[in-house]
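So you can see what is in the structure, the chains are spelled out below.
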Amino acid sequence: MTASRRRGAVLESAILEAGWQVLQEAGYPGFTFEATAERAGTGKAVLYRRWPDKKALLLAVLSHSYLGSPRELPDAGSLREDVLAQLRSMNERLGPSAAAVLSMIVGSHFEETSIAPAQLRADLLGERAPAMPRILERAVTRGELRGELPERIATLPLDLFRHEMVMSLGSVADETLVDIVDTVFLPLALASQQDGRVEPPNPLETPILTGAGAHADADEDQTPAPPPAHR
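To keep things clear, this report deals only with the structure shown in the data block.

About the cut-offs
- Residue positions are given per chain, counted from 1 along the sequence in the order it is written.
- This being a predicted model, a pLDDT of at least 70 is required before a residue's local features are given, and a value of 80 or more before pairs of side-chain atoms are given or counted; all residues contribute to the totals for chains, interfaces and linings.
- Side-chain numbers come from the whole structure's heavy atoms, not from hydrogens or water.
- Helix and strand definitions follow DSSP, with helices as H or I runs of at least four residues and strands as E runs of at least two, each counted in order from the N terminus.
- Whether a residue is buried, partly exposed or exposed follows from its accessible area with a 1.4 Å probe, protein chains only, as a fraction of its type maximum: under 20%, in between, or over 50%, in that order.
- Using a 1.4 Å probe, the Shrake-Rupley method yields the accessible areas, and only the shown protein chains count as cover for residues.
- Only Phe, Tyr and Trp rings take part, Trp by its six-membered ring, and two of them pair if their centres are within 6.5 Å. Stacked means planes under 30 degrees apart, edge-to-face means over 60, and tilted covers everything else.
- By definition, being over a ring means that NZ of Lys or CZ of Arg is both within 6 Å of the ring centre and within 35 degrees of the ring normal.
- Salt bridges are identified by distance alone: a Lys or Arg side-chain nitrogen within 4 Å of an Asp or Glu carboxyl oxygen.
- We call a set of buried Ala, Val, Leu, Ile, Met, Phe, Trp, Tyr and Cys residues a nonpolar core when their side-chain atoms join them within 4.5 Å.
- In what follows, residue pairs with any heavy atoms lying within 4.5 Å of each other are defined as contacts.
- One less than the number of residues in a helix, times 1.5 Å, gives the span that helix is expected to have.
- For this quantity, the arc is that covered by the directions from the helix axis to the C-beta atoms.

### Concerning the overall build of the protein
Line of reasoning, step 1. When you go through the protein residue by residue, the secondary structure sums to 10 helices and zero strands.
Line of reasoning, step 2. Listed by position from the N terminus, the elements making up the protein come as α-α-α-α-α-α-α-α-α-α.
Line of reasoning, step 3. In the protein, which comprises 231 residues, the share counted as buried stands at 33%.
Line of reasoning, step 4. Total accessible area on the protein is roughly 14400 Å²; 55% of this is exposed by carbon and sulfur atoms.

### What to know about the packing of aromatic side chains
Line of reasoning, step 1. Counting across every chain of the model gives one aromatic pair.
Line of reasoning, step 2. Seen in terms of ring centroids, Phe33 and Tyr48 are 4.0 Å apart; in terms of plane orientation they differ by 5°. Their pairing is stacked. Residue Phe33 is found in helix α2 (residues 33-40), and its partner Tyr48 is found in helix α3 (residues 44-50); the two are separated by 15 residues along the sequence.
Line of reasoning, step 3. Of the residues examined, Phe33 reaches a relative accessible area of 6% and is grouped as buried.
Line of reasoning, step 4. Lying across the ring of Tyr28, Lys54 places its NZ or CZ 4.0 Å from the centre.

### With respect to the pattern of salt bridges
Line of reasoning, step 1. For the structure on display, the rule yields 11 salt bridges.
Line of reasoning, step 2. Between Arg50 and Glu12 there is a salt bridge, and its shortest N-O distance comes to 3.7 Å. With Arg50 in helix α3 and Glu12 in helix α1 (residues 8-26), this residue pair connects regions lying 38 residues apart in the sequence.
Line of reasoning, step 3. Residues Asp182 and Arg80 are paired through a salt bridge, measuring 2.7 Å at the closest nitrogen-oxygen approach. One end of the pair, Asp182, is in helix α10 (residues 174-195); the other, Arg80, is in helix α5 (residues 79-113), and 102 residues separate them in sequence.
Line of reasoning, step 4. The exposure class assigned to Asp182 is partly exposed, which follows from its relative accessible area of 30%.

### So, the nonpolar core
Line of reasoning, step 1. With 25 residues, the main nonpolar core has Leu79, Val83, Leu87, Leu136, Leu149 and Phe185 as its most contacted residues.
Line of reasoning, step 2. Among the elements that take part in this core, α10 stands out by supplying six residues, more than any other.
Line of reasoning, step 3. With residues near it in sequence (within four places) discarded, Leu87 still touches Pro157, Leu158, Phe161, Leu177, Ile180 and Val181.
Line of reasoning, step 4. By size, the runner-up hydrophobic cluster in this structure holds 20 residues, among which are Leu11, Phe31, Val46 and Trp51.

### Considering the environment of Gly143
Line of reasoning, step 1. With respect to the helices and strands, the residue Gly143 is situated in the loop between α7 (131-142) and α8 (151-154).
Line of reasoning, step 2. Looking at Gly143, the relative accessible area reads 57%, which means it is exposed.

### With respect to α1
Line of reasoning, step 1. A rise of 1.5 Å per residue sets the reference length of α1, with its 19 residues, at 27 Å; its end C-alpha atoms lie 27 Å apart and thus fit the reference within 8%.
Line of reasoning, step 2. For α1, the complete set of buried residues consists of Leu11, Ala14, Ile15, Leu16, Ala18, Gly19, Trp20, Val22 and Leu23.
Line of reasoning, step 3. One or two positions beyond α1, positive phi appears at Gly27, with a value near 75°.

### A look at α2
Note on helix geometry: an α-helix contains 3.6 residues per turn, so any two residues three or four positions apart are oriented the same way.
Line of reasoning, step 1. For α2, the complete set of buried residues consists of Phe33, Thr36, Ala37 and Ala40. Down the axis of α2, the buried side of the element spans an arc of 100°, and every buried residue falls inside it.
Line of reasoning, step 2. At the C-terminal side of α2, Gly41 shows a positive phi close to 75°.

Quick look at the structure:
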């Protein structure tokens, strides 16, 4: 299909896919209207009619190629399986090259616009409903949770996933995703439901022994025995 015959959604999709390729190959500094139009096989004026500036084009490209179309959240049957399914879906959708591209975009975009990464993410999400609140509401309906989780715990699975992705600059191993859910998120989520909060351990309840007594039984009398009497 030639460029002159493309119209509407078909042309727009070709432009956004071309923009993603330019980002991957040339990075954010090389992500220009000229380069994207050339890769898409169309004119620069076609892009400007749809997106007024580089930021608008970037958000459209990332929304198309990074977030993709709005996705359903199938019920996997439990909080654990729902969270794992979400992490695995994100891991698959991002692919091995996306982490490096996104890390570079965040740094370059901040230098150019002084917009914090959190604001860029909010702009990118737009009106899309975040997945985790819906997953947690489902868990409450099932009776797995009694109510809302503290915000820091509720966002923890995705925060840890993003950290792993950025640190490795690639896809996250599945065993790491399982570890995030089973070792970190679920214990904290369930503990917070006991009385509405997570209590840190009381250091006064755990005596700390040092020196020679560190390896002795805490209940053993450590008073040295008197020396034997001389006959």
